[in-house]
There are 2 protein chains.
Amino acid sequence: MSLRDQFCPDIARLLADDCWLVAEERYDSTQNLAYESLFTLASGAMGNRGSHEEGFVKKTLPANYVHGVFDRSEAFMRELCNTPDWAKLHILFECEPIGVEDGEPLDYLRVLDMRHGFLAKRYVSRAADGRETRIESLKFLSRAHPRCGAFRIYITPLNYEGVIELENIIDATVTNFMDMPRFKVRHLETTEVSALMPDGCYVGSKTRDFGLRLGTGARVQVRGAQGECRVKSRRFRPFGEVACEFIDCDTARNETLILEKTACVCTERDFSDPRAQVTLELNELTERGFDGELSAHIAAYDTLWAMADIQIDGDAAMQHALRFNIFHLMSTPAPNDPRTNIGAKMIHGEEYGGHTYWDTELFVLPFFTYVFPGIARNLVTYRYLLLDKARENAVKNGYRGAKYPWESADTGDEECPAWTVCPDGSCYRCYVADYEHHVTAAVSYGMRQYANVTGDDGFMDTMGLEVLLETARFWVSRMTYNQEKDRYEILQVTGPDEWHEPVDNNAYTNRLAQWNIEYALAYLAEYRTREPDACQRLCKKLALTKDELQDWQLHAQKLYAGARQGLIEQFDGYFDLPDAVITEWDDNGMPLMPALFRGKRGIERCILKQADVVMLMYLLPHDYDMETQSANFNYYEQRTLHRSSLSPSIHCLLGLRVGDDKRAYAYLERSAYVDVHNNQGNTREGLHAASAGGTWQCVTLGFCGMGIGHDGGLEFSPKLPDCWSRVRFRIVWRGTPLTVTVTHAGVTVQTDGEPVCYRVDGQAMVSGG
Amino acid sequence: MSLRDQFCPDIARLLADDCWLVAEERYDSTQNLAYESLFTLASGAMGNRGSHEEGFVKKTLPANYVHGVFDRSEAFMRELCNTPDWAKLHILFECEPIGVEDGEPLDYLRVLDMRHGFLAKRYVSRAADGRETRIESLKFLSRAHPRCGAFRIYITPLNYEGVIELENIIDATVTNFMDMPRFKVRHLETTEVSALMPDGCYVGSKTRDFGLRLGTGARVQVRGAQGECRVKSRRFRPFGEVACEFIDCDTARNETLILEKTACVCTERDFSDPRAQVTLELNELTERGFDGELSAHIAAYDTLWAMADIQIDGDAAMQHALRFNIFHLMSTPAPNDPRTNIGAKMIHGEEYGGHTYWDTELFVLPFFTYVFPGIARNLVTYRYLLLDKARENAVKNGYRGAKYPWESADTGDEECPAWTVCPDGSCYRCYVADYEHHVTAAVSYGMRQYANVTGDDGFMDTMGLEVLLETARFWVSRMTYNQEKDRYEILQVTGPDEWHEPVDNNAYTNRLAQWNIEYALAYLAEYRTREPDACQRLCKKLALTKDELQDWQLHAQKLYAGARQGLIEQFDGYFDLPDAVITEWDDNGMPLMPALFRGKRGIERCILKQADVVMLMYLLPHDYDMETQSANFNYYEQRTLHRSSLSPSIHCLLGLRVGDDKRAYAYLERSAYVDVHNNQGNTREGLHAASAGGTWQCVTLGFCGMGIGHDGGLEFSPKLPDCWSRVRFRIVWRGTPLTVTVTHAGVTVQTDGEPVCYRVDGQAMVSGG
């Protein structure tokens, strides 16, 4: 029987084909936290983890994260705050809870419908006294009204009847890191716990540091299967920081009770009176009704998928995983809010504080740039809006220009702590913020990519260029002149490979710094020609003189940025480290540390966490000839353990480019399944944004060979795996939506149904701009 | 192996012989709530339920009740408040909790040492990853410093080592009726969550209605088995209403870590600055040390048991149950606080709101009167202190004098609600407070008993007499004159048997009302002779004229109070009800409703919940000849279902008196085992004070035949069960401690080792006061 057909008709008629579902087919409490991440729903305004609405579950991390709501308090850094839990609705019979852990859960099945963006669940709870209750539910966070969430629960007492008791709860006792006492922090203060009119609960909160107010409201409607009233009584009561509406409902044996809970979360970021806005939105939601809202929500996902879906024929498992990654990635960002970005764990968990890393620009942004350019614009604008903080950050560190923080939250301050704490309580000095400067080049790189693909010169002229210039200025100030060698160097720096920290002249960092300056100068020159007045105003604003620009030129030219041919040394002295290559892999195909090095420190061995040079070549394909790229890929791949989830996708991509693609599909699998299979064991903490974005890149920019040619035009050089008979997806190339179809025979690119260009030799091209 | 020998030497050396232990030999979460009641510890200032200190338990009702801390808020009545939970100490390893429900609990054993008043526990927690941790613990509420509680936990990581994480918690999110959403009420507001100096947690609270402030503080000390420091770091953090001190401890494989948590709860009832007092007491407690405090605590129980123990030779099970009842009963009341009393569920649960009923005077008070006359004085003084409220209560109901409330909390207001709610949410009109007036006579009766046994005329003269007079005045105002029969009557009243509600001329109520007036007049007459001036002052205070007293006399004489011989009708018309006797008993020996009556309302059948006439005769033994008592016992016993836990003990007692003792031992068992065997299924809600006191009465006043003779002297007419070879106990008779030894051969009564009197015919007598 299909998954869909195991649900009641009401839910089954909404569910997509099984290929669109992610299923939890057996209740195993040890897997709860991972499923809570996998089943997190995100509306663009907030993310709500897939915990069980009925509650009374022991291992659970219910959470509702709201874009832009950060707080530090006692934490090491500003963290995306866990806000009051509105997704709770206790169900009891004679004080005995009914839930997945109360009695036996029989015929358990929970699915995420990625096509329509909702969670559905069914099981029969068998209590110790033999009472059996069928529970079915459906939950969504409305993409039509993204501050609203809702769920419906069908309760059927199968072999008993009587009064079912409900608790409509908003629980404001939540903290971040609830199950990790060492890291547990309370970020919100509860300012109000009250009843809504005519019914429902409300909790007012404010962040402890900045006092940002937010409001959470929730209402519950109950009816019988025929729509008849089933509420006997309803009563609001506050319990400290828990708002609770107690509701009595009549039930009859084998008749279904339908509960609908609707909730709304508003913050002072958008509304001066969160309570009034919550009330208004809940009233409007009640007006539209659950089904009305759900239809609008599904229609919104129709629109999203119409743009974002990638159809892979011949590989159901990869098709499924790819959609999983796309689903969560596209659901996460705020469509209209450039003040927020995408966290390393998306909005699906609180690990890494909900912070934005270089992951955004180099892993996640390409997807949005090609598929949702409006969101991509927000993501790059976010960096522009925080440019002043990046300037401050440069000055604080003794540099000039703008240095973007390694970890960025709402303020743009550096959120990466200098000292950090291990799970066992030991502290260590964390040098990432001190040494890992390449994020600043990534910000510039992301803007160029964005501009190249979208053709959004307006962004570059008014925002991007200023960032390019200030980051270039940073890099210039970051260099040291080596008299002896008459060259500039970047000393004491860490590249993406954090196992060698810090090093001198990291090839990745140096070359991207150089690129950053070169590109800034080039763009400025072009801009000066095109918009001389505006350019002059900008230079004046930045106090940018001809002399300084010449000095930049000199620095860029004389910066030692590694060889352009042959084997490139990852950093000064890397080739002198004790060497050994990987010869063993674990059962999952993960490379194992050569025996020689076990127990050694990172700096004492050649083995990499992730490969800087491979990444560099992936980013600057036209800088290195294919032979060089191939040689370096081959060399470094044998020395890379892929202990970062960012690593496999890049190895897939460069491997495909250089034709060393024997592991490309395996790398894709590692990237695509990182959360679906929880293969890093940390899915409980949220989903991996970078590997989701990397997975998309592997399929489109890797196997389908899409890319930007030397001349700036769109190019394809596909290398489909044998088992893929066809790949089909949509992009927006400089404002024009295109449908791309890739087969082993070649590539078709269509716009509004008209093929633009078709080449059987696998080299399709759409001319640039 | 004995229970004791299953513990580590540190605990084993403290534990009493197994016969003093109540054991939970297997962890079964469905039994948690019952064991929490059985294992409640009470210090005289507070009661703390036997929940697991390590927490993370699903079915649990942790609670700390403090004498005199009541609040109503949204409840139907003022309730004894659940105060912040200080008895929590989370233990984790790498964020994984260690507790009875985390992994498998192996070799689980928990015992209540009744001899020494502490709880001890041991088990090995085996985690999913194979880690095994031995947990042993010992908890007590100090009788030496009754506002303080403490527990020690021995943690031994058996097959691993590393950093153990602790959370020293005071959780102020507690409510009453935590697991019953319909009845759940928050009684306290949290006013402060802060750190103590130099370490520890503090929570300030106040009751929501009256704003009574209380403070709860707790500190944790950690050391290795050799006393060495094991704390790596310590940090306080507030989480809303949860105070939490996070502590890192170093452990080594198979080495024991010793945690000691000490706590203190002070209220504004006793201290103007609860926080200062909590700090002071915790500092002093730290000074004395855990072992010092424990020794003082055990010494206090030595003293208590020296007075209260009853040794029954030949009946180990009954010996055990009797001690269980005595242990909890004597542990409950505040030794020095006449503003508080004993709740129907002692201080072991929140059912019945912690309220005082007639259970105090007629069931519980005899134990204290004979064994701890100082506490008995508090219990009767409590009623005197609330006399003004009883006066108000009379006026409110249209009467004169003083009418004691059916349920009494701190204020003395009637706390029994007019409307009450069933578990299924339906409401019903509760007439108990309207009709069940006999509690007012019980208050007077208790005072007489107290005075007779203790010879405390001072109490009677300064407090008791005023109560006697005002209650007499109430009864007079409560009567109606029946012209036709030229008699006074009490109409629309409910006796102890609540299945017939309301009735006219309830024999129990009428006769006790009459007795109340008679006794008040007699005492007044005697007092007038002895203390004419004081008597006159009292009469003036009460505006009591000779005319009114004559009127009382007339009312008492002319009150219809049932026959004095023959079969006494429980109320007007009782003998006209359809009749049937009990012919069937269930497997537990509980009588079953005759088939004829099943489905009928109480008022439509002769069957009783508990027997009023039997109770009446038990209370006034000299009013009815033995033949009458016997005939009535025989008649009513056949019609009583004992659906109140108050019923069996009285039937044991009267049965023994009238020589119809074939069921006496079975009644004793029913009374003695009500909680130990949870035979009413409601032990989760607290322990049954009345049956505990009734059990004591059965043994001493029943089987050992102790009583007050017609002349006011102490009498014995023992009827030991065959299997009891000897019973030995201590009482205080009018200030003189006596040791009573009862065997089948007769009774010995000794004072300070000297036999006072010895009779082989079973009729021993000590002449009165």
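Residues numbered from 1 in each chain as written. Chains lettered and ligands numbered in written order. Predicted model: local features only at pLDDT ≥ 70, side-chain atom pairs only at ≥ 80, totals over all residues. Heavy atoms only, no water.

## Observations concerning the pairing of strand S10 (residues 132-141) of chain B
All names here are of chain B. Most of S10 sits out of view: nine of its 10 residues are buried. The loop that links strand S9 (residues 118-126) with its antiparallel partner S10 comprises five residues; one of these, Gly130, has a positive phi angle of about 90 degrees. As paired elements, S10 and strand S11 (residues 148-157) share nine bridges and run antiparallel to each other. The partner of Leu141 across the bridge, within S11, is Gly149. The antiparallel hairpin formed by S10 and S11 contains six residues in its connecting segment. (Buried < 20%, exposed > 50% of the residue type's maximum accessible area, 1.4 Å probe, protein only. Helix = DSSP H or I, 4+ residues; strand = E, 2+ residues; numbered from the N terminus. Pairing = 2+ DSSP bridges.)

## Examining the packing of aromatic side chains
Scanning the model with the defined rule gives 66 aromatic pairs over all chains in all. Ring centres of B:Tyr574 and B:Phe575 lie 5.8 Å apart, and the angle between their planes is 55 degrees; this geometry places the pair in the tilted category. B:Tyr574 sits in the buried class, given a relative accessible area of 1%. Here the aromatic residues A:Tyr352, A:Tyr357, A:Trp358, A:Phe363, A:Trp406 and A:Tyr508 are joined through ring pairs into a cluster of three or more. (Phe/Tyr/Trp six-rings, centres within 6.5 Å; stacked < 30°, edge-to-face > 60°.)

## Quick look at the pattern of salt bridges
Summed over all chains, the structure comprises 128 salt bridges over all chains. Here A:Arg208 ties to A:Glu74 by a salt bridge, and the two come within 2.8 Å at their closest N and O atoms. Residue A:Arg208 is located in the loop between strand S14 (201-207) and strand S15 (213-224), and its partner A:Glu74 is located in the loop between strand S4 (64-71) and strand S5 (79-82); the two are separated by 134 residues in the primary sequence. For A:Glu74, a relative accessible area of 28% puts it in the partly exposed group. With a shortest N-O distance of 3.2 Å, B:Asp313 and B:Arg726 are connected by a salt bridge. Placement of the pair is B:Asp313 in strand S19 (residues 310-313) and B:Arg726 in strand S26 (residues 726-733), with a sequence separation of 413 residues. (Salt bridge = Lys/Arg side-chain N within 4 Å of Asp/Glu carboxyl O.)

## Let's talk about the sheet that holds strand S2 (residues 41-42) of chain B
All names here are of chain B. The four strands lie next to each other as S2-S3-S4-S5, forming an open sheet whose pairing is antiparallel. Both outer strands of the open sheet, S2 and strand S5 (79-82), are each paired with one neighbouring strand and no more. As judged from the two bridges shared by S2 and strand S3 (residues 46-48), these two strands associate in the antiparallel manner. When the sheet's bridge partners are listed, Leu41 is paired in S3 with Asn48.

## Quick notes on the interface of chain A and chain B
The partner chain B presents 34 residues to the 34 residues of chain A that form the contact. Interface area for chain A against chain B, summed over the two sides, is near 2900 Å², with a carbon-plus-sulfur share of 49%. When the area that chain A buries against chain B is broken down by residue, the three leading residues are A:Lys58, A:Pro181 and A:Arg182, summing to 21%. Our count for the contact surface shared by chain A and chain B stands at 10 salt bridges. Notably, a salt bridge pairs B:Arg182 with A:Asp248, separated by 2.4 Å at the nearest N-O pair. Remark: the boundary between chain A and chain B carries 22 residue pairs in polar contact (both at pLDDT 80 or more). (Contact = heavy atoms within 4.5 Å. Buried area = accessible area lost by both parts, 1.4 Å probe. Polar contact = N/O pair within 3.5 Å; in protein donor to acceptor, adjacent residues only side chain to side chain.)

## Quick look at unusual backbone geometry
Here the bond from A:Glu501 into A:Pro502 is cis, since omega is -15 degrees, no more than 30 degrees from zero. Backbone geometry places B:Asp486, a non-glycine residue, at a positive phi of 45 degrees. Its location among the elements puts B:Asp486 in the loop between strand S22 (480-482) and strand S23 (487-489). Accessibility expressed as a relative area gives 35% for B:Asp486, which makes it partly exposed. The phi dihedral of B:Gln492 falls on the positive side, at around 50 degrees, and the residue is not glycine. Mapped onto the elements of the fold, B:Gln492 is located in the loop between S23 and helix H11 (507-530).

## Here we look at the relation of the copies chain A and chain B
Rotating chain A by 180 degrees about the axis while translating it 0.0 Å along that axis superimposes it on chain B, leaving an RMSD of 0.1 Å. In symmetry terms, the pair is related by a two-fold rotation axis. Of all interface residues in chain A, 100% are interface residues in chain B too; the two copies therefore contact each other through one and the same surface. (Least-squares fit on C-alpha atoms with pLDDT ≥ 70 in both.)

## A closer look at helix H9 (residues 438-454) of chain B
Residue and element names in this part refer to chain B. In this model H9 runs 24 Å from its N-terminal to its C-terminal C-alpha over 17 residues, within 8% of the 24 Å that 1.5 Å per residue would give. Taken across its 17 residues, H9 has 16 buried, putting it largely inside the fold. Residue Gly455 follows H9 closely and has a positive phi angle near 70 degrees. (Expected span 1.5 Å × (residues − 1).)

## Digging into the side chain of B:Ser331
Among the secondary structure elements, B:Ser331 is positioned in helix H4 (residues 316-331). Polar contacts involving the side chain of B:Ser331 include one to the side chain of B:Tyr301, which spans 2.6 Å.

## With respect to the packing of helix H16 (residues 647-658) of chain B against helix H17 (residues 664-672) of chain B
Residue and element names in this part refer to chain B. Between H16 and H17, whose axes approach to 8 Å, the crossing angle comes to 155 degrees. Classed by the angle they form, the pair H16 and H17 counts as roughly antiparallel. The handedness of the crossing between H16 and H17 comes out as left-handed. Taken together, the residues of H17 that come into contact with H16 (itself represented by Pro648, Ser649, His651, Cys652 and Leu656) are Ala664, Tyr667, Leu668, Arg670 and Ser671. (Axes fitted to C-alpha atoms, helices over the stretch in contact; angles between N-to-C directions. Parallel < 35°, antiparallel > 145°, perpendicular 65-115°, else oblique. Left-handed = near helix turned anticlockwise from the far one by under 90°.)

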